[in-house]
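Listed below, chain by chain, are the residues.
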Amino acid sequence: MSQTTVIRKKDRASRTIEGLRKFWRVFSQNTAAVIGLTMFLIILTIAILAPWIAPYDPYEKVGLPMQPPNEAHLLGTNDVGQDILSELIYGSRISLLIGFIAAVVATLIGTLVGMIAGYYGGLVDEALMRATDVWLSFPGLLLTIFLATVLIKTPIGGKIIYTVIFAIALNAWPGVARLVRSVTLKIKELPYIEAARAIGASNRRILLKHIIPNATPIILVAVLTRIDSAMLTEASLSFLGIGDPTVKSWGMIIHYAMIRNAIVIGMWWWFIPPGLMISLSVLSIILISMGIEEYINPRLRESM
Amino acid sequence: MKKLLIRRALTSLITFFSAITIVFIISRLSGDPLAELLENPEVSPETVEALRRAFGLDQPLHMQYINFIIATLSGQLGYSINYKRPVLDVLIAKLPYTVALLIPAITLSNYFAYRLGVESGWRRGRKFDVLLTSSSLFIRATPHFWLAILFLYVFGAVLNWAPLFGAVTPGKVFESPWEWLLDYLWHYILPVSVITIRATGAMFLYIRNSLVEVLGEDYIMAAMAKGLPDKIVLYKHAARNALLPAVTMMGLRYAFIIDGAVLTETVFSYPGTGRLVFEAIIFRDYYLLQGAIIILTTSVILVNFLIDILYLYLDPRVRYR
């Protein structure tokens, strides 16, 4: 290891820090984005600290059923006497985690498709992008419902939750594929790619060493902007009863509330708080993504 | 123009066949469709074999695929276990309810999104704009089914203004068609409002941002410098151009609205195609689910095709080529 590589590494690190600082200067000017970030951090903290801050075990019967909010149960209890506040707190773990993993998987699939299509071009590009368009013409939720109900019969790795994540990701990848394809097309035309090819670098090397690192910021943003729709899809699936009935996400809590007629009976404490949690989490992610998009695309800054 | 039309039609046809192919592939992902019956002690293995032959499942996969396409094209979508009727009959009986929800929801949401988006973009950064933009973000973040639940709870359960389920009051004898219509509309208003509001919220920001971008163009400044009234600059010059990219989004929005109809009909127990999807999940009515997805996806492809034509007609650059 020569001295120059060490210096170059240090240089890269300090450049990243400098870039982040610049990003934060723009991002922190956007009040809505900062509010979103704050909201998201609060929800994330709740999810991480769930076992310590939840007053009860959400899967245990801890009181009389169907109690309205009171001192012992701040958000009341459900039809079997489980504490709803504890359900909410634990539910944040499941909803956030499924949303996050599904977004990552969708981005991986989309990046692979988009990069191959953009880099190789020609017939490969045509075929892959046609497939992407077909996929986009499906009503997304219906396709996910269909995939999930079919796949749940023989769950991936024996776990329904993996199957659900996979089904959500399969619905969300086309957007990423289009995005990454356009970025790849742009990077491909840059002179240093041509230089790399001139000294005999293989396609694989160019893709891994030059294109992926340059597309990374865009890919990271793609993950973030998929989390909100992935969370909404997960909530809708759970609400319709597709999912592991023993894993209580926020959507699943509302599913149980609906099939036990909580809406008609008027047990608002059962279905309003989980819906509010979904909305706030999704909103926080939308606000953060808008802040980041504004940084990437300065023209937007003028339009807001 | 004619050439373009034919090309669009061909693309739609290819999309349609690809969609059916994807449905076929997904339907075979779970392995043997008769596996559950084989384990059922009440069904003899001979019956299962007979079913296998009847469904053509003993044939090689490519033959199954060809049969599947022929069956789909001729409307044989299988048999609903829950309704004990052919899937197509069940779907056709329920489709009018959903179409009656979708057409006004699409029309109204597009109109509202257009008017509000244009007015909001024009007043960029002022109170009106900030209010509308932030409410549209809230609506976007709200799960569709939860918005429906809120409406059902507030207007149905608490205020008692609207009924809690169904498309008409069950068991009621109507003395005149008017009475039926009134009862129908009374059940109709909440679901259609939910779908419209959610769709407007999703579309609004797109038109607004598109308009803001157009307002920065030189020809807008030229129009203003000529001393044209604001209204004319806004609606004759800016809005028309802002609308063009939004039209291409309408197809995607239509697919989104169908998703919304499934969830909304489920919450309001509204007897349409969307509710059938929920029932099919709950009762494991597999062919019904598949049939509903084929019908709804086909409608999306059809609408996309119509929007493409509309776009060709709207964009003079294409029209006069």
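Residues numbered from 1 in each chain as written. Chains lettered and ligands numbered in written order. Predicted model: local features only at pLDDT ≥ 70, side-chain atom pairs only at ≥ 80, totals over all residues. Heavy atoms only, no water.

Asker: So, the environment of Tyr59 of chain A: which residues are in play, and what are the values?
Answerer: All names here are of chain A. Looking at the element boundaries, Tyr59 is found in the loop between α3 (50-53) and α4 (84-120). Tyr59 gets classed as partly exposed once you look at its relative accessible area, which sits at 39%. Considering only alpha carbons, one finds Tyr59 and Lys248, 189 residues apart in sequence, at a separation of 8.8 Å. Look past the residues within four positions of Tyr59 in its chain and what remains in contact with it is Gln82, Ile94, Thr246, Val247 and Lys248. Reaching out from Tyr59, the side chain makes a polar contact with the backbone nitrogen of Lys248 at a distance of 3.2 Å. (Helix = DSSP H or I, 4+ residues; strand = E, 2+ residues; numbered from the N terminus. Buried < 20%, exposed > 50% of the residue type's maximum accessible area, 1.4 Å probe, protein only. Contact = heavy atoms within 4.5 Å. Polar contact = N/O pair within 3.5 Å; in protein donor to acceptor, adjacent residues only side chain to side chain.)

Asker: Tell me about the pattern of salt bridges, and please be specific about residues and values.
Answerer: For the coordinates displayed, the defined rule picks out eight salt bridges over all chains. The shortest N-O distance in the salt bridge between Arg181 of chain A and Asp125 of chain A comes to 2.7 Å. Of the two residues, Arg181 of chain A sits in helix α7 (residues 160-188) while Asp125 of chain A sits in helix α5 (residues 122-137), which places them 56 residues apart along the sequence. According to the relative accessible area criterion, Asp125 of chain A is buried, its value standing at 12%. The shortest N-O distance in the salt bridge between Arg275 of chain B and Glu279 of chain B comes to 3.7 Å. Residue Arg275 of chain B and its partner Glu279 of chain B are located together in helix α11 (residues 273-282), separated by four residues, close to a single helical turn. When sorted by exposure, Arg275 of chain B lands in the same class as Glu279 of chain B, which is buried. (Salt bridge = Lys/Arg side-chain N within 4 Å of Asp/Glu carboxyl O.)

Asker: Provide a residue-level description of a nonpolar patch on the surface, including the pertinent values.
Answerer: All names here are of chain A. Side chains of Leu41, Leu44, Ile48, Leu49, Trp52 and Ile53 sit close together on the surface and give an oily, nonpolar patch of about 590 Å² of accessible area. Going through the elements one at a time, α2 (31-48) and α3 are the ones with two or more residues in the nonpolar patch. Among the elements that line the nonpolar patch, the one with the most residues is α2, at three residues. Looking at where Ile48 falls in the secondary structure, it is placed in helix α2. (Patch = residues over 30% accessible without salt bridge, like charges linked within 9 Å, V, L, I, M, F, W, Y side chains within 5 Å. Areas by Shrake-Rupley, 256 points an atom, 1.4 Å probe, with all protein chains shown as cover.)

Asker: Just give me the short version of the packing of aromatic side chains, but keep the residues and values in it.
Answerer: All names here are of chain A. Within the structure shown, the criterion is met by 20 aromatic pairs over all chains. With 5.2 Å between their ring centres and 90° between their planes, Tyr119 and Tyr120 make a pair best called edge-to-face. Classification of Tyr119 by relative accessible area gives buried; the value is 6%. Residue classification places Tyr120 among the partly exposed residues on the basis of a relative accessible area of 43%. Ring-pair connections join several aromatic residues into one group, and the members of that group are Phe23, Trp24, Phe27 and Tyr295. (Phe/Tyr/Trp six-rings, centres within 6.5 Å; stacked < 30°, edge-to-face > 60°.)

Asker: Would you mind going over empty space enclosed by the protein in detail, with residue names and values included?
Answerer: All names here are of chain A. Summed over all chains, the structure comprises three cavities of 30 Å³ or more. Estimated volume of the largest cavity: approximately 90 Å³. Taken together, Ile94, Ile98, Ile161, Val164, Glu234, Ser238, Ile242, Gly243, Asp244, Val247, Ser249 and Met252 form the lining of the largest cavity. Residue assignment for the lining of the largest cavity shows that the elements contributing at least two residues are α4, α7 and α9 (203-239). Residues that form the lining of the largest cavity fall into these classes: seven nonpolar, three polar and two charged. (1 Å grid on protein atoms, 1.4 Å probe; cavity = no way out; pocket = protein on both sides within 12 Å on 5 of 7 lines; lining within 4 Å. Points joined across faces, edges and corners; volume = space filled by probe spheres on them. Nonpolar A, V, L, I, M, F, W, Y, C, P; charged D, E, K, R; others polar.)

Asker: Pulling in residues and values, what's your account of the side chain of Glu279 of chain B?
Answerer: Its relative accessible area of 16% is what places Glu279 of chain B among the buried residues. Here the side chain of Glu279 of chain B touches Tyr83 of chain B through a polar contact of 2.5 Å, side chain to side chain.

Asker: Please give an account of the nonpolar core that cites residues and values.
Answerer: In terms of nonpolar packing, the biggest core is built from 132 residues, with Ile145, Phe239 and Phe271 of chain A together with Phe145 and Phe268 of chain B touching the most fellow members. It is helix α12 (residues 268-296) of chain A that contributes the most residues to this core, 13 residues altogether. In terms of nonpolar packing, the next biggest core, distinct from the first, is built from 17 residues, Ala113, Ala223, Ala239 and Ala242 of chain B among them. (Core = buried A, V, L, I, M, F, W, Y, C linked by side-chain atoms within 4.5 Å.)

Asker: Explain α2 of chain A to me, using residue names and the numbers behind them.
Answerer: Because each turn of an α-helix spans 3.6 residues, side chains separated by three or four positions end up pointing in the same direction. Its 18 residues give α2 of chain A an end-to-end C-alpha distance of 26 Å, which sits within 8% of 26 Å, the value for a rise of 1.5 Å per residue. The N-terminus of α2 of chain A is capped by Asn30 of chain A, whose side-chain oxygen sits 3.2 Å from the backbone nitrogen of Ala32 of chain A. (Expected span 1.5 Å × (residues − 1).)

Asker: Outline the packing of helix α10 (residues 250-259) of chain A against α12 of chain A, supporting the account with residue identities and numerical values.
Answerer: Between two packed helices, both the angle of their axes relative to each other and the distance between the axes serve to describe the pair. Residues and elements named next belong to chain A. At their nearest, the axes of α10 and α12 sit 9 Å apart, and the two run at 155° to each other. Classified by the angle between their axes, α10 and α12 sit roughly antiparallel to one another. Classified by chirality, the crossing of α12 by α10 is left-handed. Residues Trp250, Gly251, Ile253, Ile254, Tyr256 and Ala257 of α10 touch α12, and the partners they reach there are Trp270, Phe271, Pro274, Gly275, Met277, Ile278 and Ser281. Of the residues belonging to the contact of α10 with α12, the class tally is ten nonpolar, three polar and no charged. (Axes fitted to C-alpha atoms, helices over the stretch in contact; angles between N-to-C directions. Parallel < 35°, antiparallel > 145°, perpendicular 65-115°, else oblique. Left-handed = near helix turned anticlockwise from the far one by under 90°.)

Asker: Could you give an account of the packing of α5 of chain A against α7 of chain A, naming the residues involved and the relevant values?
Answerer: Residues and elements named next belong to chain A. Two elements in contact, α5 and α7, have axes separated by 9 Å at closest approach and are oriented at 140°. On the basis of their axis angle, the class for α5 and α7 is oblique. Relative to α7, the crossing made by α5 is left-handed. Taking contact as the criterion, the partners of Asp125, Met129, Thr132, Asp133, Trp135 and Leu136 in α5 are, on α7, Leu170, Asn171, Trp173, Pro174, Ala177, Arg178 and Arg181. Partitioning the contact of α5 with α7 into residue classes produces seven nonpolar, two polar and four charged.

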